[in-house]
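Coordinate inspection notes
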There are 2 protein chains.
Amino acid sequence: MTRSEAGRAQVLVVEDDKGIQELLRFTLVCGGCQPLCVETAEQAETALGGTLPDLALIDWMLPGKSGLALTRKLRGERRTRRLPIIILTARGEEADRVAGLEGGADDYIVKPFSPKELMARVQSVLRRCAPQFAAGTLTVGPLALDTVAHEVRVAGQRINLTPTEFRLLRFLMANPGRVYSRQQLLDNVWGDHVYIEDRTVDIHVRRLRVALGPAAEHVVETVRGAGYKLCAQPGTPPSEA
Amino acid sequence: MTRSEAGRAQVLVVEDDKGIQELLRFTLVCGGCQPLCVETAEQAETALGGTLPDLALIDWMLPGKSGLALTRKLRGERRTRRLPIIILTARGEEADRVAGLEGGADDYIVKPFSPKELMARVQSVLRRCAPQFAAGTLTVGPLALDTVAHEVRVAGQRINLTPTEFRLLRFLMANPGRVYSRQQLLDNVWGDHVYIEDRTVDIHVRRLRVALGPAAEHVVETVRGAGYKLCAQPGTPPSEA
DNA sequence: CGCGAATGTTACGGGACTGTGACGGCATGG
DNA sequence: CCATGCCGTCACAGTCCCGTAACATTCGCG
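Figured I'd write up the structure that's included with this text. Keep in mind the model is a prediction, meaning the values are calculated, not measured.

Residue and element names in this part refer to chain B. Spatially, 2-1-3-4-5 is the arrangement adopted by the five strands of the open sheet, whose pairing is parallel. Single-partner strands in this sheet number two, and they are strand 2 (33–38) and strand 5 (107–111). Here the strands of the sheet are splayed against their neighbours by 20° on average, with no regard to which way each runs. With four bridges connecting them, strand 1 (residues 9–14) and strand 3 (residues 55–59) associate as parallel partners. By the bridge assignment, valine 13 is partnered in strand 3 with leucine 57. The strands that helix 3 (residues 67–76) touches are strand 1, strand 3 and strand 4 (85–90); relative to strand 3, the one it contacts most, it runs at about 150°.

Residues and elements named next belong to chain B. In terms of burial, strand 5 is largely enclosed, as five of its five residues are buried. Here strand 5 shows a buried face lined by Asp107, Ile109 and Lys111 and a second buried face lined by Tyr108 and Val110. Here strand 4 pairs with strand 5 via five bridges, running parallel. Paired with isoleucine 87 across the strands is tyrosine 108, a residue of strand 5.

A few words now on the protein's contact with DNA strand C. DNA strand C sits among 22 residues. The nearest are A:Arg206, A:Thr222, A:Tyr228, B:Arg206 and B:Thr222. Taking all atoms of DNA strand C within 4 Å of the protein, the share assigned to sugar and phosphate is 56%. The side chain of B:Arg199 places a nitrogen or oxygen atom 2.9 Å from a base nitrogen of DNA strand C. Contacts to DNA strand C include B:Arg206, whose side-chain N or O atom sits 2.4 Å from a phosphate oxygen. When contributions to the surface near DNA strand C are tallied by element, the ones reaching two or more residues are helix 8 (199–212) of chain A together with helix 8 (198–212) and strand 10 (220–223) of chain B.

With 28 residues, the main nonpolar core has A:Leu143, A:Leu169, A:Met173, A:Leu185 and A:Leu212 as its most contacted residues. Counting residues per element, the ones that place at least two in this core are strand 6 (137–140), strand 7 (143–146), strand 8 (151–154), helix 6 (163–174), helix 7 (182–190), helix 8 and strand 11 (227–230) of chain A. Take this core: its biggest share by element is six residues, from helix 6 of chain A. If we ignore the near neighbours within four places in the chain, the residues touching A:Met173 are A:Leu138, A:Thr139, A:Val140, A:Leu143, A:Ala144, A:Leu145 and A:Leu230. Counting 27 residues, the second largest nonpolar core, distinct from the first, contains B:Val140, B:Val205, B:Val219 and B:Val220.

Within the structure, DNA strand D sits among 23 residues, and A:Thr164, A:Thr200, A:Arg207, B:Thr164 and B:Arg207 are positioned closest to it. The sugar-phosphate backbone supplies 67% of the atoms of DNA strand D found within 4 Å of the protein. In this structure, A:Thr162 approaches DNA strand D through a side-chain N or O atom, which is 2.7 Å from a phosphate oxygen. Looking at the surface near DNA strand D, the elements that each hand over two or more residues are helix 6 and helix 8 of chain A together with helix 6 (163–174) and helix 8 of chain B.

Moving on: the pattern of salt bridges. Summed over all chains, the structure comprises 17 salt bridges over all chains. Ionic pairing is found between B:Asp202 and B:Arg182, a salt bridge with its closest N-O pair at 2.7 Å. Here the residue B:Asp202 occupies a position in helix 8, and B:Arg182 occupies one in helix 7 (residues 182–190), the gap between them amounting to 20 residues. What you see here is one network of salt bridges that share partners, running through A:Glu221, A:Lys229, B:Glu151, B:Arg153 and B:Arg158.

It is worth spelling out the packing of helix 6 of chain A against helix 8 of chain A at this point. In a pair of packed helices, the angle between the axes and the distance between the axes together describe the arrangement. Residue and element names in this part refer to chain A. Where helix 6 meets helix 8, the closest approach of the two axes is 10 Å, and the angle between their N-to-C directions is 90°. With respect to their mutual orientation, helix 6 and helix 8 come out roughly perpendicular. Contacts from Thr164, Glu165, Leu168 and Leu169 of helix 6 reach helix 8 at His204, Val205, Arg207, Leu208, Ala211 and Leu212. Looking at the contact of helix 6 with helix 8 residue by residue, the class counts come to six nonpolar, two polar and two charged.

So, on to the environment of B:Met119. Residue and element names in this part refer to chain B. In this fold, methionine 119 is placed in helix 5 (residues 115–128). Taking the relative accessible area as the measure of exposure, methionine 119 reaches 12% and is therefore buried. Counting along the chain gives 88 residues from methionine 119 to glycine 31, while the straight-line C-alpha distance between them is 6.4 Å. Methionine 119 has contacts with Thr27, Leu28, Gly31 and Cys33, leaving out every residue within four places of it along the chain.

All names here are of chain A. Unlike most non-glycine residues, alanine 155 shows phi in positive territory, near 55°. Looking at where alanine 155 falls in the secondary structure, it is placed in the loop between strand 8 and strand 9 (157–159). On the accessibility criterion, alanine 155 (64% relative accessible area) is exposed.

The rules behind the values
- Residues numbered from 1 in each chain as written.
- Chains lettered and ligands numbered in written order.
- Predicted model: local features only at pLDDT ≥ 70, side-chain atom pairs only at ≥ 80, totals over all residues.
- Heavy atoms only, no water.
- Pairing = 2+ DSSP bridges.
- Helix = DSSP H or I, 4+ residues; strand = E, 2+ residues; numbered from the N terminus.
- Axes fitted to C-alpha atoms, helices over the stretch in contact; angles between N-to-C directions.
- Contact = heavy atoms within 4.5 Å.
- Buried < 20%, exposed > 50% of the residue type's maximum accessible area, 1.4 Å probe, protein only.
- Near = heavy atom within 4 Å.
- Polar contact = N/O pair within 3.5 Å; in protein donor to acceptor, adjacent residues only side chain to side chain.
- Core = buried A, V, L, I, M, F, W, Y, C linked by side-chain atoms within 4.5 Å.
- Salt bridge = Lys/Arg side-chain N within 4 Å of Asp/Glu carboxyl O.
- Parallel < 35°, antiparallel > 145°, perpendicular 65-115°, else oblique.
- Nonpolar A, V, L, I, M, F, W, Y, C, P; charged D, E, K, R; others polar.

In structure tokens, the structure reads:
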């Protein structure tokens, strides 16, 4: 589900020109997005330290660190690797387009742009990168996962998870009861073409179970020969009457 | 079922550079695929006139007709429209990535590539395009089989099945009332090119009946001299013509 | 009733699958 | 520079599953 379906898509805007920033903000709000505006790459990184937005809109020309450098950095870090990025560039900098796409941007927009074009591209990128998770709190059995605050609670008790454990649990909680093979989990939690051993999934499932503690570790079920799934009713052994 | 599960996936390789072609062939064979190599787009079209492969690996730079043109043509024809395509492109042609994906490719690989990466992407695309087992819940008599959750219930009571028992029951429930010989069951449940004793099927049928319990064991019927079938109405002897 | 073929039933050894602990690499932060 | 935390891989152990063999039973038929 796109966040544009359930709530507003959060868009991080990195733009030093106040006028353009206001235009972007206005356009995005009118288009149903929730903009978060900063002016420098450094501020952007600070903002990205918290909850990840659904999309980053980055100006090519920034004071200090350039938009390209920021893009490359975001692509280099696991946490932000899959964050959709749109580059804003001025007319006549066509050569930069190549560099921008090389740097990992998903799309680019040439200034001056029409609000219509901006929203079209934003929606397009959001749609393409969409199969994400609805904002809000997922609840399965004794588990509660806040996708915005990045918090997980077991019977109300807050626990700490590593990034991978969190994404794994989030994915499973988004589709409870559904069995996923190790490969499917790698595709959906780690990313499409990442070459990692199947068994690595087992390790993270174990670490996740340990982190969940005895109260909830059995919520993550092993389906022998098939994969793993989340069981909504723990303590219901499938034994016969 | 993907061919990668039962049998080797056939991959058409369109690459004019002999060295790279050999590397591709070697990598694919090691990865469990069955490559068919040609050097030009024309030869590729000829090869595609026969049995369709499971995947096409097309070099971007080809003598004469380009890989993009070939991709577009394949996407334009009904017969090859759904054929998964991966584009091979050289470093520095990143801009072509967009054109390639817009042209209808499912993925692209940048040369030079590692064998591991190649196989990861090939497998990923094959998985993504693999025909799925019909999702949903199959119901026959007192039996209910959830293909997604991998759960089986007898009169609402959940039971545990081993992987083979589950596949066997799933196949029978997908085609209730129809008689299958032991060999047919081996082909469909175990996979095509497996040589296993016929009697093994009997064993698993028994184990399945035991697992189903007295309430439903008679749903799996023996047709003497023919094989096994699932009877929708237990207690209703099949009326032959 | 007797016989052979087909099927049901039991037992068992090998192997596949998963759980578990440990290790080294890598990036981050001081 | 080191310390820390996270991650991916390896190796080992336990468990479960599966295919085969062997024996028992039932069915079909004369």
